[in-house]
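Here is what each chain is made of, one letter per residue.
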Amino acid sequence: MKKENGVIYHYGYYRRAGRLRLAGYVVLLLLVVFVLVTFFAFREDLTADHFRYLLRNFELGPHSAASSGDTIYYDGDRDSRFGFVAGGFACLTDTRVFVTDGLSVTTLSDYHGFSSPYALSSEKYMLVYDRAGSSLSLYNAFDRLKSFTFEGTIVAAALSDKGSFAAAVSGKESYYSTVYVYDKNGALLNKLSKYKYVTSLALSPDGDRLAVASVYTGDRGILTSEILLLEVGKTEPSALHIVEGSGVCSLAFLADGGFAALFDDRVLFYDSKGKETGSVLFDATPTHACLLPAGALLVYPSSDTRYELADCYDQNGKALYQGVALGGRFRGAAGDDAAFYLLTDRKVFRLSADGEEALSVEADGEGKSLLTDNRVLYLAGPSSAVPVFFEKAQKEN
């Protein structure tokens, strides 16, 4: 211990203070390195919008609770269409589009002005376009980000989780269809001009692959379908399939990274490279058919016109369920990686993607829609979306 200028120094504490000062510099250096590594590794995710997502439902009260699985209230109408964008509940009406969070607070409301509006939603973005016009808009959960107007009518569109999107436009120049692909900032990535009529587009969730379905009259005068798979940014296809005598209606990427094509008489399944892996030919004409993340759903009439039957197929065309009695009229479907969800005028069904379990709960499905945020299933009506749970469900044969 010593005394200098009237200040007493204790050698032990003095040395500890020096070590603590050095430790503080080391911690500060590690913090700077952490911030720099985080910034460069996750640059796309460190945005102002993501910070707003964090604050959207942030509460400091002692009784704060998670809102996923709660009833969501909003101001829609009977013809509304629904989806999820960045965890928010999106609603499209004839005049506007809006997003409501889990606490029923509106985070976005915009007048779209389209005569025949249609919406696509992904993990972070939403695309709204006019199926009878030439305009579209890209949204996140808070704002309209970009708007485009084309010379022609938009006949199909697709959206990825990264915000890149594709639009097929008819009536451009001398071509029957032109496909445009843009990134989330509105930069043109691809332009494909075709002497064919594009019927459907699909983008992989990561936005790296584009599937294009089109129809035309072949050399023998027969209706012919073409399926193209391209890497976004390239014009040469990585896979090309021609199907004669059948019209392709829609495309969708599946949970395993492959995709499926729905025709008027069959469903064809492809892997991530575009190689055909399976097919399902229709024994009869289904009343409804749709492609979901877990595979394909086909609905057929039964001998009793009050009821319908459902078949489900996995991502390679293997039959999972056949002839499931719906106990009513089919009203809609939704799906995720784990299950097919079916809505009738009387029930909601959950058919597991492994083909092992079929459950149902009583529900009034008139004028309502099913949708899922990949955690909770919702039954949405004109003014509210109610979660559907299967803890007390009835097992179906």
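As a reminder, the structure under discussion sits directly above these lines.
The structure displayed is predicted, hence computed values, not measured ones.

### Some thoughts on the overall build of the protein chain
Line of reasoning, step 1. Of regular secondary structure, the protein chain possesses 2 helices and 35 strands.
Line of reasoning, step 2. Within the protein chain, buried positions represent 46% of all 397 residues.
Line of reasoning, step 3. If you take every contact in the protein chain between residues at least 6 apart in sequence, the share linking residues at least 24 apart comes to 39%.
Line of reasoning, step 4. Carbon and sulfur atoms make up 52% of the accessible area of the protein chain, which totals about 20500 Å².

### Thoughts on the side chain of Ser-214
Line of reasoning, step 1. Mapped onto the elements of the fold, Ser-214 is located in strand β17 (residues 209–217).
Line of reasoning, step 2. Ignoring sequence-local partners within four residues, the contact set of Ser-214 consists of Lys-194, Lys-196, Tyr-197, Val-198, Thr-199, Thr-224, Ser-225, Glu-226 and Val-248.

### Points about the sheet that holds strand β11 (residues 144–149)
Line of reasoning, step 1. In spatial order, the strands read β8-β9-β10-β11; together these 4 strands make up an open sheet with antiparallel pairing. If you trace the sheet from one side to the other, it starts and ends with β8 (117–121) and β11, each paired once. Averaged over neighbouring strand pairs, the angle between their axes works out to 15° when direction is ignored.
Line of reasoning, step 2. Here strand β9 (residues 126–130) pairs with strand β10 (residues 135–139) via 4 bridges, running antiparallel. Across the sheet, the residue bridging to Val-128 is Ser-137, located in β10.

### Notes on the sheet that holds strand β35 (residues 394–395)
Line of reasoning, step 1. Reading across from one edge, β28-β29-β30-β31-β35 is the order of the 5 strands in this open sheet, with antiparallel pairing throughout. What marks the edges here is a single partner per strand, and that holds for β28 (330–335) and β35.
Line of reasoning, step 2. Examined bridge by bridge, β28 and strand β29 (residues 339–344) share 5 bridges and lie antiparallel to one another. Looking at β29, one finds that Gly-332 is bridged to Leu-343.

### What to know about a nonpolar patch on the surface
Line of reasoning, step 1. On the surface, a nonpolar cluster with roughly 700 Å² of combined accessible area is contributed by Leu-28, Leu-31, Val-32, Phe-34, Val-35, Leu-36 and Phe-40.
Line of reasoning, step 2. Looking at Val-35, the relative accessible area reads 48%, which means it is partly exposed.

### Looking at the pairing of strand β25 (residues 295–301)
Note on strand geometry: in a regular strand, side chains alternate between the two faces of the sheet.
Line of reasoning, step 1. The buried fraction of β25 amounts to 6 of the 7 residues, a majority that puts the element mostly inside the structure.
Line of reasoning, step 2. For strand β24 (residues 288–292) and β25, the ladder comprises 5 bridges, and the chain directions are antiparallel. Note on β25: the bridge partner recorded for Cys-290 is Leu-297.
Line of reasoning, step 3. Adjacent in sequence and paired antiparallel, β24 and β25 are bridged by 2 residues.

### Description of the pattern of salt bridges
Line of reasoning, step 1. Under the definition given, this model contains 13 salt bridges.
Line of reasoning, step 2. The shortest N-O distance in the salt bridge between Glu-396 and Lys-347 comes to 3.6 Å. Linking Glu-396 in the segment after β35 with Lys-347 in strand β30 (residues 347–352), this pair joins segments that are 49 residues apart in sequence.
Line of reasoning, step 3. Exposure remark for Lys-347: the relative accessible area of 15% places this residue in the buried category.
Line of reasoning, step 4. Look at the salt bridges and you will find they share partners, linking Lys-194, Lys-196 and Glu-226 into a network.

### Quick word on the packing of aromatic side chains
Line of reasoning, step 1. By the definition in use, this model includes 18 aromatic pairs.
Line of reasoning, step 2. Taking 6.4 Å as the distance between ring centres and 20° as the angle between the ring planes, the aromatic pair formed by Tyr-180 and Tyr-182 counts as stacked. Assigned by exposure class, Tyr-180 and Tyr-182 land together as buried.
Line of reasoning, step 3. Ring pairs connect the aromatic residues Tyr-74, Phe-82, Phe-84, Phe-89, Phe-98 and Tyr-378, which therefore count as one cluster.

The rules behind the values
Residues numbered from 1 in each chain as written. Predicted model: local features only at pLDDT ≥ 70, side-chain atom pairs only at ≥ 80, totals over all residues. Heavy atoms only, no water. Helix = DSSP H or I, 4+ residues; strand = E, 2+ residues; numbered from the N terminus. Buried < 20%, exposed > 50% of the residue type's maximum accessible area, 1.4 Å probe, protein only. Contact = heavy atoms within 4.5 Å. Areas by Shrake-Rupley, 256 points an atom, 1.4 Å probe, with all protein chains shown as cover. Pairing = 2+ DSSP bridges. Axes fitted to C-alpha atoms, helices over the stretch in contact; angles between N-to-C directions. Patch = residues over 30% accessible without salt bridge, like charges linked within 9 Å, V, L, I, M, F, W, Y side chains within 5 Å. Salt bridge = Lys/Arg side-chain N within 4 Å of Asp/Glu carboxyl O. Phe/Tyr/Trp six-rings, centres within 6.5 Å; stacked < 30°, edge-to-face > 60°.

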